[in-house]
There are 2 protein chains.
Amino acid sequence: MAPYTDQQPGEPGVTLADRVFTRLRNAIVEGEIPAGSKISEPELAAEYGISRGPLRDAMGRLEACHLVERRANVGARVVSLSQEDLLELYILREALEGMAARLAAERITEKELNHLRRLLKQHEQRGELQEGIAYFQKEGDLDFHFRIVQASGNQRLVQLLCNDLYHLMRMYRYQFGMASARALIAFREHGHIVEAIADRDPEMAELIMRRHIRSSRVNVEMLFDARDSLTRRSDPDLSEAG
Amino acid sequence: MAPYTDQQPGEPGVTLADRVFTRLRNAIVEGEIPAGSKISEPELAAEYGISRGPLRDAMGRLEACHLVERRANVGARVVSLSQEDLLELYILREALEGMAARLAAERITEKELNHLRRLLKQHEQRGELQEGIAYFQKEGDLDFHFRIVQASGNQRLVQLLCNDLYHLMRMYRYQFGMASARALIAFREHGHIVEAIADRDPEMAELIMRRHIRSSRVNVEMLFDARDSLTRRSDPDLSEAG
DNA sequence: TCGGATCCGATTGTTAACAATATCAGGTTA
DNA sequence: TAACCTGATATTGTTAACAATCGGATCCGA
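Residues numbered from 1 in each chain as written. Chains lettered and ligands numbered in written order. Predicted model: local features only at pLDDT ≥ 70, side-chain atom pairs only at ≥ 80, totals over all residues. Heavy atoms only, no water.

(A) Looking closely at the relation of the copies chain B and chain A. Superposing chain B onto chain A takes a rotation of 180° plus a shift of 0.0 Å along the axis, which leaves an RMSD of 0.0 Å. What we have between these two chains is a two-fold relation. Taking C-alpha positions as reference, the residue of chain B nearest the rotation axis is A95 of chain B, located at 2.6 Å. Taken as a fraction of all interface residues of chain B, those also at the interface in chain A reach 100%, which identifies the copy contact as same-surface. (Least-squares fit on C-alpha atoms with pLDDT ≥ 70 in both. Contact = heavy atoms within 4.5 Å.)

Here's what the structure looks like:
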C-alpha cells in the first residue's frame, strides 16, 4: 500500500469516525462512490452500521480535504472534478513541491537518499514504464513525490500535500485514467531530480521539480484540449445551442 | 474589518456550528482563549449556550485549520505556537505567494490593480509606517498579501491561504506582537511588487515576492535568536541542565 | 398553459441521555 | 521509597429522538 495512505483499511483507527472517514475517503477517491453523487446521511449511516453522529464527523473531515461539498440544510455531494480545478492543483503542486525539492536538497539524509534511489530502481526493474500505463496509474509517481516532500523536513508541507492534495490527485487519476506517453519521460525527470538533490543543489532541484510538474500540467492540458475538440465535433449541439 | 475574515462577528452564518466556529476562531486567534489551553466541551458549550453537537462540529473545523489539536478520548487544546512552526509557515508562504504573484502578473485586471495602488496609498497616508508598529499589527500587511492572492485567480490558492494560513499568521502576530523596523522596508517592497505586477512581469513578480517573504522570515529568525540568547543568559539553568 | 402560492415529505441540524475511555488519587507491595 | 495496581471521577465518543429547514408536488388563479 502506498506510504501516504495513513491507514490500512482494516486497521482499527481509534474512533468510529476515524475508521469511517478513512473508508469513505478511499471509497470516494477510488470512485466507488461516484463523483458528484449526493450523499444521504441516514443511508450511509445504515450502510456502515453506525449512527449519524460519527458519520457527520467523518463528513466534516472529508469536506475539509475537499472531497465532499456541503450546503446547510441541503446536504452533501461528492465533489465533481473539473478540468480547471485539476490545473489549479498542478499550479499548487508546482509551487509546493518545487520548494520541497529545494529543502530536500539542503537537508536530506543519506538514508533517505538511498530510499529514493531504491525506489527509482524498483520502478525501472518492474518494467512498468514500457507499458506506459502503470507508472501513473499504480501511483509509483506519487510515491516518489511523497518521499521528496518527506525529505524536505517541513511538517506543514508534508501534512498539506499528503493529507489533502495527493488524495485529490489519486481521485483524478482513478476518474480520468491518466496514462500517457509521458511515463518514460517522467521517470527520467525523476532521475534528474534525485541527482540534483544528491548534489545538494537546492536551486537546481527546485528548478527541475517545477519544470517536471509543469510539464505534467501542460500534458494534461493538451489531453483536455484534444478531448474537448473531439466531443465538440461529435456533439454539434454544444457549439450552437443558445 | 479585514477582507479575509469571511464574516462579521454578529452576522448570522446559517447554522449554529457556523457561528460558533467563527466566534471561536476569532477568540483563539486574538488570544482570548490562550494558546495551549485545554478546551472543555461541556464548559464551552454552556458558555456559548449550545449543546455539544454543534460545538464538536466547530471544533472539528478548527482542527482542520490547525487552530486546535485533538486526541481521541482525551480532548482538545488550542495549538501552542512554536518558533519552528512559524518558520515553516513562512516557507509555505514563500512558495505559495511567490506563485500567486506570478499568476497575478499574468491575469490581474486594471480594476484590481487600482485597488492595490489605492491600498498602498492608504497605508502611506495613514502615517502608520513611521511608527513602525502599526503596519504589521493592524494587518495592513496581510490585507495587501490577501489582494495579491485574490488577483492570482487560483481559487485553491485563495482558499488555502485565506482560510488557514492567514488566520495562523494573525494568531502569531497577536501572540508575539511583531513590530519591527522592517515595517518601512516592507512597505517599499510592496511597492516594488505592485510595479512588477503592473509591468506584467511574472518572473520578476515572483522573485520579489519570494524575497520579500524570505526577508520577513529571516527577520523573525533573528528576533528569535536574539531572544533565545537573552533568556539563556538570564536562565543559566537551561544551558547546563541534563 | 403558465406562473406562483401552499402543503407535504424527507433530510439536515440540534439536543440530551448513554456508553466507553483516560486521568488521577489512593493504597498496596516489593 | 518507588513502582504498580485499583477504583472513582470526569471527559469524550456515540446514540436515538426532536426541531427546523429545504425541495418538490399539487393546487389555484390569471
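(B) Spotlight on unusual backbone geometry. Phi angles above zero are rare outside glycine, and H66 of chain A is one such case at about 65°. Take H66 of chain A: it is sitting in the loop between α3 (52-64) and β2 (68-71). The class of H66 of chain A is partly exposed, set by a relative accessible area of 22%. Residue R200 of chain B is not a glycine yet carries a positive backbone phi of 55°. (Helix = DSSP H or I, 4+ residues; strand = E, 2+ residues; numbered from the N terminus. Buried < 20%, exposed > 50% of the residue type's maximum accessible area, 1.4 Å probe, protein only.)

(C) Quick peek at the protein's contact with DNA strand D. Taken together, 20 residues surround DNA strand D, and among them T15, L16 and S51 of chain A together with R52 and R56 of chain B come closest. Expressed as a percentage, the sugar and phosphate content of the atoms of DNA strand D within 4 Å of the protein is 72%. With respect to DNA strand D, the side chain of T15 of chain A contributes an N or O atom lying 2.8 Å from a phosphate oxygen. Take R52 of chain B: an N or O atom from its side chain is 2.8 Å from a base nitrogen of DNA strand D. Listing elements by their share of the surface near DNA strand D, those giving two or more residues are α1 (16-29) and α3 of chain A together with β1 (38-39), α2 (41-48) and α3 (52-64) of chain B. (Near = heavy atom within 4 Å. Polar contact = N/O pair within 3.5 Å; in protein donor to acceptor, adjacent residues only side chain to side chain.)

(D) View of the protein's contact with DNA strand C. Residues in contact with DNA strand C amount to 20 residues; listed here are only the nearest, R52 and R56 of chain A together with T15, L16 and S51 of chain B. Sugar and phosphate atoms form 72% of the subset of DNA strand C atoms that lie within 4 Å of the protein. Within the side chain of K38 of chain A, a nitrogen or oxygen atom sits 3.5 Å from a phosphate oxygen of DNA strand C. The contact in question runs from a phosphate oxygen of DNA strand C to an N or O atom on the side chain of T15 of chain B, over 2.8 Å.

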